[in-house]
Structures are given as structure tokens and as C-alpha cells.
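A structural walkthrough
The chain contents come next:
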Amino acid sequence: MSGRMSSKSALFAAGFLAVMTVASCVINDKTLGQQFVSDDYLVSIDSTSFLMPFRQSVHDTIQAISYSNMMVGCMTDNVYGTTAVDAATLVVPIPDTCYLGINPKLLNVYLDLTVDSTLVYKEGDDAIPQNIYVYEIVKDFASDSSKVYNNSLSAEFLSEKPISYGASMLFGKGKVRIELSGEYGEKLLATSPSEFENVSSFLDRIHGLYFKTDRPAGNQDGGRLNIMGLSTSVINVQFLMTDPAQGLVDKDTTISFLCGYGIALNQFSAGSRHLETATPGEKLYMDGLSGVKPVIPGLDLKDILDRWISSVCETAECERESILISQARLILPYSMPENFELFEKEHPLKIYPFTTNVGAADSTVRMKPLDDITHSSGGGMDRSHQYYYCDISSKIQELITKDRGDVTDEDDLWMCPVSVLENEQTGIMTYDIDVNGYPRVILEGPQSLRPPRLELVYGILKQW
């Protein structure tokens, strides 16, 4: 038996293995399909499975840009603690041309805020009152590529006091009117003709609004997250317009500004850090947003694969490079609760392994799904067998060939909910961590009766 196979033969065999895995359910012939490979090589096919190592960790910094909605509110749970979400967004003029007259006199300014949907996990919390406060954003954040995370906006970005007046409250879905300060209204009335025409110029001066609600006073379960779609809320500025040339004196006029332009930067914090552990037991917790997540340590996974390969190659008299992964499926079982309605709210349709990648431009860390997601549709849920499944074949092949010394924490696999965005023009699907809702899942842990596992279908390519 010679040494290494040619790269061309390995590539052909890998493709063959992928076809055979899809086409076959049970494989008994260990030399099945060798007629499709060069006469110099023999492919044997087999399968195996491993129990997976896990830890529970919190990643404080999560990318938090949303192109669909703002989210604001608080929720407390005796398992996960308190999750709080604030929302930042942009304000722009609705008309692209407007004449405000000479020395316009402000009468009133108010925000019609529309709550499109809500999320509650405790029955009866759909309409509980929540105080809401509006702050002016006083520093640019939208043009700074480093300000895209759930903790990007510190106190220095906000007005010292709220610009909302009175005791504005949210009661769930619907519209609420929030009176804003005269000082803010005067800033909007100072919009120049060029700023109406050029949104970028306007945003250089008016940086947006920030929304938050009261944090809960105690540890009582309950609360609500309020979802506000972009482009559904409007600021109205009422003023008296004067223009002697047009014969106008103190004409009652209203100009409107869009609240929720383009993006929202939702700022969230989680209270589930107490669930962090290096040795999880019967349960694994996946808390949404920046909460605790199940993590497969890359180095532990590498060690498991290395021990397995040593055993296989000793028996089959092959080399490491001869192992070809046809399919690697991560199986994550869960238990079905009695409350099906709660199950549907808490469990996302897709979860998938993400890695932490350091950005080349600014050294910030971004959660990024494995590349396998593009051909595995982002993982999925098998309701009949009560587990999530994720195809991670390429990642396992990469770890097999990677030197142990080259494995870093960027190879750790973080289990996260997945959002899918389709480009309407190209049809291309984009996958990212889901920050448009707040799912939470309890998976079966390493010490449960149905522990998480990795199922492998693999081939060994050997030369005669």
C-alpha cells in the first residue's frame, strides 16, 4: 500500500461518498461502489457516532443590527433570570422637499409609536403596563462599523434625560402617543432644504432615538418584549408657518418624520450567566440574544476525532488523509413539554453551530455560522424524534486534517438560533444569528438518557 492518495482521486472519492450517502439508507457492503473509483483505489464505507462534549458559556458581544424591527422590554424567568432589551434607530424626514417658512413657531411634537407584535412567556402578560422612555441619540452610531453590537451604545451616546414627557406606557399591541420635548421639536424644525433632499446630511445632525422600559423591581416571573417594525412609527411636528411673500401668517402646519429608518440596533443584556458551567449535566440551555449557549470546545472535539482516527487507521492500515467524511450530523435531542403553545414560542425552527471570528478590520468578534449552513439549510428540527440536527461535514473534515496546535477558540462551536434573509433580486440566502426575537431551548445534556451526539458516515480510500 502506497502513501498519500492524489488530490484528484481524493476529490472524486469525496464526491462519490456524498452521492452514496444520499442514495442509501443501509450500507452493508464495505467495498460498495469501488467500480466508480480508479482501479488503483478501494473505497470502504462505514458509519459511527460519538457523544459530544459541551460546556455552557455566555458571549457578551453579539452583532445586533436588525433590518426588520426594533425590540424593547424586559422579561424575568426563574431559570434564565432577567433579559432586558432597548432599541436604537434612525429618524429621517418623510418628504424629500419641504419649505418651513420664516421662523417657524413650534406648537407640539409627538411620536406615534406602533407596536406590531409582542412576546410573552407568562399567561396574562400580553397587556401589562410598561413605562417607556425615549432618549435622543447625541452621537453618530450608524456610520461606525464597530457600533453594531448589543452593547455598543454607552451612556455617552444618549441625552442625559429622556426627551419624552409624562408617563407614557405600553400596553401591548397597538399605537401609543408619546409627547416629546420642545427642544427636540426645535431641532427637527431647523431642518434645512438640503437636509430634506439629502438624508446623509440630515443624519449628520440628527442621530436617532433610543427606547427603553423600566427594569423589574424584583425577581417575579413575567414581562413582555414589544416588537416595533421599522417604518411604522411617525414623529409629527406641529408648527405655525409664516411667509409674507405667499400671504401666510401663522398657518397651522404639520411636518412628519419617520422613526425607524433602515436599521435598528437593539441593545440587549441577559441574566443567564449563572447557568455557565464547564460540566453540564442532564440539561443544556440555549438562551436567546446574548444569553448562555451550549458550546462544543473545538480542542475537545479534535481530541475525540484524533482518537477515533488512530483506532480506525490501526485496524484498516490506512493514513489520516485517507479518511473522507461523507456526512457528519450533530444530533441535539430535546424533551417535549406539556404546554405545546409555550413550546412553539420558545423553540426556533433552526439552530446551528456558530464560531467567533475576529474581524480583520477592527479586531471585533463576530458570531458566524459554519460554511456548511449554505447547503444544509441552517439545520432543522425533527419533531417526530424530538431533536435538532445540523450537518457539519466540512467542519469535521477540517478538524481531522488540522494540526492540534492550530486549533483555537475560534474552532469552538456555539449553538445559536438562526435567521434566514433572502435577497429578493438574486434569491441568495443569508444566514446569521437570530436577534429579531427571543427563543430559548432546553436541550438534553451530556448526562441525560438521550445525550447529544455526532453521527458520521465516512469512507477510507486505500490504494491497492
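One can find the structure itself at the top, above this paragraph.
In short, a report on the structure. Just so it is clear, the model here is predicted, and its values are computed rather than measured.

In the structure shown here, the tally under the stated rule is 24 salt bridges. Of the charged contacts in the structure, one is a salt bridge between Asp77 and Arg440, with a shortest N-O distance of 3.2 Å. On the criterion of sequence distance, the pair formed by Asp77 in strand E4 (residues 69–77) and Arg440 in strand E24 (residues 440–444) is long-range, its members being 363 residues apart. Here the two residues Asp77 and Arg440 agree in accessibility, since each one is buried. For Arg215, the salt bridge identified is with Asp86, shortest N-O distance 3.1 Å. With a gap of 129 residues between them, Arg215 in the loop between strand E11 (209–213) and strand E12 (222–229) and Asp86 in strand E5 (residues 81–93) connect regions that are remote in the sequence. Judged by relative accessible area, Arg215 falls into the partly exposed class, the value being 39%. Within the structure, one salt-bridge network assembled from shared partners comprises Lys395, Glu398, Lys402 and Asp411.

With that settled, consider the packing of aromatic side chains. On inspection of all chains with the given rule, the structure shows 9 aromatic pairs. Between Phe50 and Trp308, the ring centres sit 5.6 Å apart and the planes meet at 70°, which makes this aromatic pair edge-to-face. Here the residue Phe50 occupies a position in strand E1 (residues 41–51), and Trp308 occupies one in helix H5 (residues 298–316), the gap between them amounting to 258 residues. Take Phe50 and Trp308: they sit in the same class, and that class is buried. Their ring planes at 85° and their centres at 4.9 Å tell us that Trp308 and Tyr458 sit as a pair that is edge-to-face. In this pair, Trp308 sits in helix H5 while Tyr458 sits in strand E25 (residues 453–463), placing the two residues 150 residues apart along the sequence. Residue Trp308 is classed as buried on the basis of its relative accessible area of 9%. A residue is classified by how much of its surface remains accessible, and Tyr458, at 7% relative accessible area, is buried. Ring-pair connections join several aromatic residues into one group, and the members of that group are Tyr334, Phe340, Phe343 and Tyr388.

Parameters and conventions
Residues numbered from 1 in each chain as written. Predicted model: local features only at pLDDT ≥ 70, side-chain atom pairs only at ≥ 80, totals over all residues. Heavy atoms only, no water. Salt bridge = Lys/Arg side-chain N within 4 Å of Asp/Glu carboxyl O. Helix = DSSP H or I, 4+ residues; strand = E, 2+ residues; numbered from the N terminus. Buried < 20%, exposed > 50% of the residue type's maximum accessible area, 1.4 Å probe, protein only. Phe/Tyr/Trp six-rings, centres within 6.5 Å; stacked < 30°, edge-to-face > 60°.

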